[in-house]
Amino acid sequence: MNHPARDVERTYLALTLLTTLAASFIWGINTLFLLDAGLSNAEAFAANAFFTVGQVLFEVPTGVVADARGRRFSYVLGAGTLLLSTLLYLVMWQVHAPLLGWAIASILLGLGFTFFSGATEAWLVDALRATGFTGHLERVFGRAQTIGGAAMLVGSVSGGVVAQATNLGVPYLLRAAMLGVTMIVALRFMHDLGFTPERGVGPVAAVRNVVRGAVDGGFRNPPVRWLMLAAPFTAGTGIYVFYAAQPYLLELYGDKTAYGVAGLAAALVAGAQIVGGLLVGKGRRFFTRRTDALILGGVLNVILLGLIGLTNSFIVALALLAGWCLVFAMESPLRQAFINGLIPSEQRATVLSFDSLMGSAGGVVAQPALGRAADVYGYPTTYVVSAVIQALAVPFSFLARRENASSDPISDGPETLPEGVAAEGADPVVVGPQPPA
């Protein structure tokens, strides 16, 4: 890999580090924070669901911003939006706001993250292509998993310890401060390479063009479509599984005020991400197709979630949760490499945002429903239900495998990243103003 490509990768890893560190200060205590503000389990997960509502509402529009105005512009705008909405979250906690207030704050948080989703990954892939990258994408994504896991380890432990030493609001102040640092780093080192924004196109035409390209590169592209259709079942329940682990593990531990334990639980998950990111480069050698790994990972996650719901042991639940996260950390880079190998540069951010939207849409339904089930039946039952829901995603991986996509085979040679050409299985993508259909 030449020096410009290494610089691109370093910038991507640095942004991953800063963004994950900022976000993870509250990951170990977020559900406890909501419950401390006077919300019930159902209301707390409804607040989280409004976060995913924000993602559903804004994924495509912010993807258009990234493709029409630039990926750095979108990233910086996202960091600023997250900073302000995090401070608003803190205000909601201080005044014990009703659910409506949390809904507004959560939707704004979702808006902030949609400026990141799609844009950051699209920036990386296009910049690597422009600088002559000849390596394997999943190894870059695997390194990002490792860096993100390390950041989550530090942030979640620090957040839990700080919350126990002070109060549940201080980690949110730390998050806001780190987001300010992230904005400065992005402005200095993140430059759009291998991609030229279509700034001369009007907003209506830009939305029409990019969304049409996203449909062509996404839903009209069969192998990408099948993985997108699986996302509501995996990502939708995955958000619940992670955040419900905080009160569930404390319930098994026997002390619902041990915030440090909640932080350590999130840290163990982070450790699993680190290991998964380190192993993905070696793990890929055991498979001839990326979809084979996705199928196996899906089956393992169903088993692990079911066992989490059936155990009464804090240690066993913690180990199973770490295993679930390890499997996810290993299969996620393979999924990213599979999809990125099939979509064109001009609509990359929007297609990736649309993929994220599909997962968020599942979360809108799953989180409040599972939160209500936790109030009525308890957390163990909801983990078993989550396993059943995730099992519905496995057939879509089989369907994606049947398409024999060009990005599915795993080889040791250099891979070619797609440029501004039509995705496999899709109609040609036209960039610029288009006549009405």
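For the structure itself, look to the data block above.
Worth saying up front: this structure is predicted, and the values here are computed from it rather than measured.

Participant: Before we go on, may I ask you to explain the overall build of the chain in this structure?
Facilitator: Helix and strand content of the chain: 16 helices and zero strands. Per-residue burial for the chain yields a buried fraction of 59% across its 437 residues. In the form shown here, the chain has an accessible surface area of approximately 16600 Å², with 68% of it arising from carbon and sulfur atoms.

Participant: How do you make sense of a nonpolar patch on the surface when you look at a structure like this?
Facilitator: On the surface, Leu 296, Val 299, Leu 300, Ile 303, Leu 307, Leu 310, Val 384 and Val 388 cluster together into a nonpolar patch covering about 660 Å² of accessible area. Contributing elements (two or more residues each) for the nonpolar patch: helix H12 (290–310) and helix H15 (379–391). A per-element tally of the nonpolar patch places H12 first, with six residues. In this structure, Ile 303 sits in helix H12.

Participant: Before we go on, may I ask you to explain the environment of Tyr 248 in this structure?
Facilitator: As for its placement among the helices and strands, Tyr 248 is situated in helix H10 (residues 222–253). Under the relative-accessibility criterion, Tyr 248 is labelled buried at 1%. Between the C-alpha atom of Tyr 248 and that of Pro 380, which follows or precedes it by 132 residues, the distance is 8.1 Å. Setting aside its immediate chain neighbours within four residues, Tyr 248 contacts Ile 308, Gly 309, Thr 311, Tyr 379, Pro 380 and Tyr 383. Looking at Tyr 248, its side chain comes within polar contact range of the main-chain oxygen of Thr 311, at 3.5 Å.

Participant: Would you explain the packing of helix H7 (residues 137–165) against helix H8 (residues 170–189) in this entry?
Facilitator: In a packed pair of helices, the relevant descriptors are the angle between the two axes and the axis-to-axis distance. Orientation of H7 relative to H8, taken along the N-to-C sense of each, is 135°, at an axis distance of 8 Å. Classified by the angle their axes make, H7 and H8 are oblique. Every residue of H8 that contacts H7 at Gly 159, Val 162 and Ala 163 is listed here: Val 170, Pro 171 and Leu 174. Per-class residue counts for the contact of H7 with H8 are five nonpolar, one polar and no charged.

Participant: Explain unusual backbone geometry to me, please; I cannot follow it from the model alone.
Facilitator: Residues other than glycine predominantly adopt negative phi, and peptide bonds predominantly adopt the trans conformation. One non-glycine residue with positive phi stands out, namely His 96, at about 50°. Mapped onto the fold, His 96 is located in the loop between helix H4 (71–94) and helix H5 (99–116).

Reading the values: the criteria
- Residue positions are counted from 1 within each chain, in the order its sequence is given.
- Confidence filtering applies because this is a predicted model: local features only for residues at pLDDT of at least 70, side-chain atom pairs given and counted only at 80 or more, and all residues used for totals across whole chains, interfaces and linings.
- In computing side-chain properties, one takes all heavy atoms of the structure into account and sets aside hydrogens as well as water.
- Helix and strand assignments follow DSSP, with helices taken as H or I runs no shorter than four residues and strands as E runs no shorter than two, numbered in order from the N terminus.
- Relative accessibility under 20% of the residue-type maximum defines a buried residue, over 50% an exposed one, and the middle range a partly exposed one, all with a 1.4 Å probe and only protein chains included.
- Reported accessibility uses the Shrake-Rupley method at a 1.4 Å probe radius. Residues are deemed covered only where the shown protein chains occlude them.
- Exposure above 30% relative accessible area and no salt bridge define the residues that can form patches, which grow by joining like charges within 9 Å and nonpolar side chains of Val, Leu, Ile, Met, Phe, Trp and Tyr within 5 Å.
- Think of a salt bridge as a Lys or Arg side-chain nitrogen and an Asp or Glu carboxyl oxygen that are within 4 Å of each other.
- Any pair of residues with heavy atoms lying within 4.5 Å of one another is described as a contacting pair.
- Pairs of N or O atoms are called polar contacts if they sit within 3.5 Å, as long as, within protein, a hydrogen donor faces a hydrogen acceptor (for residues adjacent in sequence, only side-chain-to-side-chain pairs).
- Note on geometry: axes are lines fitted to C-alpha atoms, helical ones only across the stretch in contact, with angles between N-to-C directions running from 0 to 180 degrees.
- Every angle not falling under 35 degrees, over 145, or within 65 to 115 is termed oblique; those three ranges are roughly parallel, roughly antiparallel and roughly perpendicular.
- Following the grouping adopted for this structure description, the nonpolar residues are Ala, Val, Leu, Ile, Met, Phe, Trp, Tyr, Cys and Pro, the charged ones are Asp, Glu, Lys and Arg, and the polar ones are all others, Gly among them.

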